[in-house]
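Listed here are the chains, written in short residue letters.
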Amino acid sequence: MNLALKDIRHGLFRFVLTCFGLGLLMTVVLAMIGIYNGLVSDALAVVKAPAADVWVVEAGTQGPFAEASSIPADTRNAVARMPGVAEAGAINYQNIEAPFQGRTLRLYVIGYERGRPGGPQTIVAGRGIGTSHFELVADRKTGLAPGDTIRLGRNHFTVVGLVEGAMNSGGDPAVFMALADAMDLQTELAPADQRVQVARGGGAVKSASVAAVIVRVTPGADVSLLTATLRQWKHLAALTQAEQETILLASVVDKARRQIGLFLGILLTVSAVVIALIIYTMTMEKLKQIATLKLIGAPDRTIVGLIVQQALILGASGWGIGLVLILLVKDVFPRRVVLEPFNVGVLAAIIFVVCLAASGLGVRAALKVDPATALGS
Amino acid sequence: MALGDVLVEVQGLAKHFGDGETRVDALRSVDLLVRAGEVIALLGPSGSGKTTLLNMIGCILDPSAGRVALDGDPVFDGKWLRNDLRRLRLDKIGFIFQAHNLLPFLTAEENVAVVLDLAGWPAEKGRARARELLDYLEVGHRAKVKPALLSGGEAQRVAIARALANRPRIILADEPTAALDSSRAQLVMDLLRKLAAEQEACIITVTHDEKIFDRFDRLIHLRDGHLVDA
Ligand SMILES: Nc1ncnc2c1ncn2[C@@H]1O[C@H](COP(=O)(O)OP(=O)(O)OP(=O)(O)O)[C@@H](O)[C@H]1O
Ligand SMILES: [Mg+2]
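Reading the values: rules and limits
Residues numbered from 1 in each chain as written. Chains lettered and ligands numbered in written order. Predicted model: local features only at pLDDT ≥ 70, side-chain atom pairs only at ≥ 80, totals over all residues. Heavy atoms only, no water. Near = heavy atom within 4 Å. Polar contact = N/O pair within 3.5 Å; in protein donor to acceptor, adjacent residues only side chain to side chain. Areas by Shrake-Rupley, 256 points an atom, 1.4 Å probe, with all protein chains shown as cover. Helix = DSSP H or I, 4+ residues; strand = E, 2+ residues; numbered from the N terminus. Salt bridge = Lys/Arg side-chain N within 4 Å of Asp/Glu carboxyl O. Buried < 20%, exposed > 50% of the residue type's maximum accessible area, 1.4 Å probe, protein only. Pairing = 2+ DSSP bridges. Axes fitted to C-alpha atoms, helices over the stretch in contact; angles between N-to-C directions. Contact = heavy atoms within 4.5 Å. Domains from an automatic or database assignment. Buried area = accessible area lost by both parts, 1.4 Å probe. Patch = residues over 30% accessible without salt bridge, like charges linked within 9 Å, V, L, I, M, F, W, Y side chains within 5 Å. Core = buried A, V, L, I, M, F, W, Y, C linked by side-chain atoms within 4.5 Å. Parallel < 35°, antiparallel > 145°, perpendicular 65-115°, else oblique. Left-handed = near helix turned anticlockwise from the far one by under 90°. Nonpolar A, V, L, I, M, F, W, Y, C, P; charged D, E, K, R; others polar. Expected span 1.5 Å × (residues − 1). Disulfide = S-S within 2.5 Å.

Some points on the site of ligand 1
All names here are of chain B.
- Around ligand 1, the neighbouring residues are Phe-17, Val-24, Ala-26, Pro-45, Ser-46, Gly-47, Ser-48, Gly-49, Lys-50, Thr-51, Thr-52 and His-208.
- For ligand 1, an oxygen atom lies 2.8 Å from a polar atom in the backbone of Gly-47.
- In the environment of ligand 1, an oxygen atom lies 2.5 Å from a nitrogen or oxygen atom belonging to the side chain of Thr-52.
- In isolation ligand 1 has 630 Å² of accessible area, and contact with the protein removes 58% of it.
- Of all the secondary structure elements, the ones that give two or more residues to the shell around ligand 1 are strand S2 (24–35) and helix H1 (50–57).
- The greatest single-element share of the shell around ligand 1, amounting to 3 residues, is contributed by H1.

Laid out in structure tokens, this is it:
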């Protein structure tokens, strides 16, 4: 006769409610883990997308994701001719705001050279950028659809295709356009005083600059030799892909990551305390029944089994409900929530340990209770 | 019936609570012998030590001094002689509670069968025995009902069925009829008498209920922790 299950069924409504409450708490914990993962993986998305081996950036800077980097657009030609370089493409990044259907979209504009590295990866709807001017491939999260037109600067751009998961480290969705369009857009949107300069024929240099040149090397090429050579060019610096990722994580998202990490720690602690409290209270309410069981001759095994099984059922249901809820709502979050089976597994292990520890407290109290207390009225 | 086996043998049993200023001598050197088939009443004013004596016989209260033997086995002699007192209770002792203390999450039938489950009976046999006892006690029709929905008398009879389930030879009851009206109380006592005879068990009952005194073989009076001759 399984006393744990019978007792649960007896107070089913309350037990389910408790599980549900715990499940909600687990949802928050899982959401936090997911947000943390999402933050890291989103931050890296923009760096990983071009599948580069080496980033050529402005000398003395940490690259376009950490600070402003500006190098002449024709750097690409020079770089492409270097030994060991398979492909090279100039790339340009800028944040803009644009009105669209009564809303203001914050977009991360990526300008790239068609047929060279840096463009959108997998087109999920429509097609890639063609040869004509003013075409866009947008991330689905922009809310734009193929066929939409949107005014950026002085020109109307037509959305021709969609991608997924393209955004900057702040989570703003990306749009891809031809490098030439992007450079024009940058000039148009430059501060007024610079535009005046350009109009006077003074500062054409600015308009011919890009943020970085992306390099893919030939198989077996010596990447460190290549970066060393590139660094000899006075106005250039070179970062390997790994360095670029480290910089981004260390300088750009590190604070946000630590913030969420700390919050997650607090949340896990609170959950542990709540679980312990629930299980302890559950046991305390049953002390008289436990005394009765002892009086009629139940061994400790039966009593420990009753408490531990209920604790584990509670923990498992809370975890399960949390998992189901987060899977249901995770796409509603404005930023990506990424849950790896590993994280979910670790949470299960933590809950398991907490439940066991908490039932340890209850078991201690239960084993101490005097069977004679069952006789008192 | 011929004189049965000695089921309960108590010698020089004493119990005090607290020490020094706060010392209470609940029981001072009590001797008692109860044989199979006997139905005994423990009488005495409030605070005279009735419950204390009953609980020590039931091995749920540590005596301060004395000796206890149950069903021929010595179980206490200055200290407990066995470390499996719960198993002893399961096999030899049936408690009938005043506040009948049924487990609220089990049905009447399960409340009886749980004892047999603990004793290692197969589930099917345990349930059949529980049913049989409940039928015998005329609460068979309430077998599937949880304690909260039973009347006081029904609950008391289920508690009696539970106490009897594993055929214990020593049945201890602390005011078993307090919750019952007098005709029901007499029915319960008749029933206990019948069971004692059939199962060669003894029954020790604490009671204040004068209406049922004639149902006992012996009345034992306690006063200030001593047995007094009636
Ligand atoms: N746990 C305890 N701690 C201290 N004193 C106790 C304890 N249990 C009982 N006593 C005392 O021991 C004495 C005997 O108590 P006991 O419960 O055996 O009386 P009783 O005869 O059953 O009384 P009643 O008829 O009221 O149930 C009383 O003076 C009581 O106050
Ligand atoms: Mg009493």
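Describing the pattern of salt bridges
All names here are of chain A.
- Summed over all chains, the structure comprises 31 salt bridges over all chains.
- Put simply, Arg-140 and Glu-164 hold a salt bridge, and the shortest N to O gap is 2.7 Å. Of this pair, Arg-140 sits in the loop between strand S6 (135–139) and strand S7 (149–152) while Glu-164 sits in the loop between strand S8 (155–163) and strand S9 (174–178), and the two are 24 residues apart along the sequence.
- Judged by relative accessible area, which is 42%, Arg-140 ranks as partly exposed.

What to know about the sheet that holds strand S7 (residues 170–174) of chain B
Residue and element names in this part refer to chain B.
- Strand order in the open sheet made by the 6 strands is S6-S7-S8-S3-S9-S10, with mixed pairing throughout. Sheet topology places strand S6 (93–96) and strand S10 (226–228) at the edges, where each strand pairs with a single neighbour. Averaged over all adjacent pairs, the angle separating strand axes in this sheet is 25°, with direction ignored.
- Pairing of strand S3 (residues 39–43) with strand S9 (residues 218–223), which is carried by 4 bridges, proceeds in the parallel orientation. In the strand pairing of S9, Ile-40 is matched with Arg-218.
- Set on the sheet, helix H2 (residues 85–92) makes contact with S6 and S7; between it and S6 the angle comes to about 80°.
- Contacting S6 and S7, helix H5 (residues 152–164) crosses the sheet at an angle of about 170° to S6.

Structural notes on the sheet that holds strand S5 (residues 73–77) of chain B
Residue and element names in this part refer to chain B.
- If you trace the 4 strands from one edge of the open sheet to the other, you get S2-S1-S4-S5, paired in antiparallel fashion. Strands at the two margins of the open sheet, each flanked by one partner only, are S2 and S5. Going from strand to strand, the sheet's axes swing by 15° on average, the running direction of each strand aside.
- As judged from the 8 bridges shared by strand S1 (residues 6–17) and S2, these two strands associate in the antiparallel manner.

Considering unusual backbone geometry
All names here are of chain B.
- Its identity is not glycine, yet Cys-59 carries a phi of approximately 60°, on the positive side.
- Mapped onto the elements, Cys-59 comes out in the loop between H1 and strand S4 (65–70).
- At Arg-167, a position not held by glycine, the phi torsion is positive, near 50°.
- Of the residues examined, Arg-167 reaches a relative accessible area of 46% and is grouped as partly exposed.

Some thoughts on the domain arrangement of chain A
All names here are of chain A.
- The domains assigned to chain A are domain 1 (3–43 + 255–375) and domain 2 (90–210).
- The gap between the C-alpha centroids of domain 1 and domain 2 is 49 Å.
- Taken together, the 6 residues of domain 1 in the interface contact 6 residues of domain 2.
- Between domain 1 and domain 2 the total buried area reaches about 430 Å² when both faces are included, carbon and sulfur atoms providing 47% of it.
- For domain 1, the biggest contributors to the area lost against domain 2 are Asp-42, Arg-335 and Arg-336; these three give 69% of the whole.

Some remarks on the interface of chain A and chain B
- Taken together, the 24 residues of chain A in the interface contact 21 residues of chain B.
- Counting the surface lost from both chain A and chain B, the interface buries some 2200 Å², and carbon and sulfur atoms represent 66% of this.
- Its largest share of buried area at the contact with chain B, chain A owes to Met1(A), Ile296(A) and Leu375(A), together 29% of the area lost on that side.
- Counting across the chain A and chain B interface gives 2 salt bridges.
- The partner of Glu110(B) in a salt bridge is Lys6(A), and the shortest N-O contact between them spans 2.4 Å.
- Linking chain A with chain B are 10 residue pairs in polar contact (both at pLDDT 80 or more).
- Of all the secondary-structure elements, those providing two or more residues to the side of chain A that touches chain B are helix H1 (3–10), helix H10 (287–295) and helix H11 (300–329) of chain A.

Let's talk about a nonpolar patch on the surface
Residues and elements named next belong to chain A.
- A contiguous nonpolar surface patch, about 330 Å² in accessible area, is contributed by Leu-262, Ile-266, Val-270 and Val-274.
- Structurally, Leu-262 can be placed in helix H9 (residues 254–285).
- Accessibility expressed as a relative area gives 60% for Leu-262, which makes it exposed.

Comments concerning the nonpolar core
- Of all hydrophobic cores here, the largest spans 53 residues; its most connected members are Val112(B), Leu134(B), Val158(B) and Leu192(B).
- Residue assignment for this core shows that the elements contributing at least two residues are H1 of chain A together with S3, helix H3 (108–118), helix H4 (123–136), H5, S7 and helix H6 (182–199) of chain B.
- Look past the residues within four positions of Val158(B) in its chain and what remains in contact with it is Leu102(B), Ala108(B), Asn111(B), Val112(B), Leu134(B), Val139(B) and Leu150(B).
- Core analysis: the second largest hydrophobic core is formed by 48 residues, Leu42(B), Met56(B), Phe95(B) and Leu172(B) among them.

Concerning the packing of H1(A) against H11(A)
Residues and elements named next belong to chain A.
- It is the contact of H1 with H11, at a shortest axis distance of 8 Å, that shows an interaxial angle of 55°. Classified by the angle their axes make, H1 and H11 are oblique. H11 is crossed by H1, and the crossing has right-handed handedness. Each of Leu-3, Ala-4, Leu-5, Asp-7 and Ile-8 in H1 lies in contact with H11, whose residues at this interface are Thr-302, Leu-306, Gln-309, Gln-310 and Ile-313.
- In terms of residue class, the contact of H1 with H11 is built from 6 nonpolar, 3 polar and 1 charged.

A few points about the side chain of Thr107(B)
- Within the secondary structure, Thr107(B) is located in the loop between S6 and H3.
- Not counting the four nearest positions on each side in its chain, Thr107(B) is found in contact with Ala143(B), Lys144(B), Val145(B) and Lys146(B).

Description of H5(B)
- Between the first and last C-alpha of H5(B) there are 18 Å, a value that for 13 residues agrees with the 18 Å anticipated at 1.5 Å per step.
- In terms of residue burial, H5(B) counts as a mostly covered element, since 12 of its 13 residues are buried.
- Within H5(B), burial applies to Gly153(B), Glu154(B), Ala155(B), Gln156(B), Arg157(B), Val158(B), Ala159(B), Ile160(B), Ala161(B), Arg162(B), Ala163(B) and Leu164(B).
- Buried-residue contacts for H5(B) involve H10 of chain A together with S6, H3, H4, S7 and H6 of chain B.

Observations regarding the state of the cysteines
Residues and elements named next belong to chain A.
- This model, assessed by the stated rule, comprises 0 disulfides over all chains.
- Between Cys-19, a cysteine without a disulfide, and Cys-355, which holds the nearest cysteine sulfur, the sulfur-to-sulfur distance is 9.9 Å.
- Accessibility expressed as a relative area gives 4% for Cys-19, which makes it buried.
- Its relative accessible area of 1% is what places Cys-355 among the buried residues.

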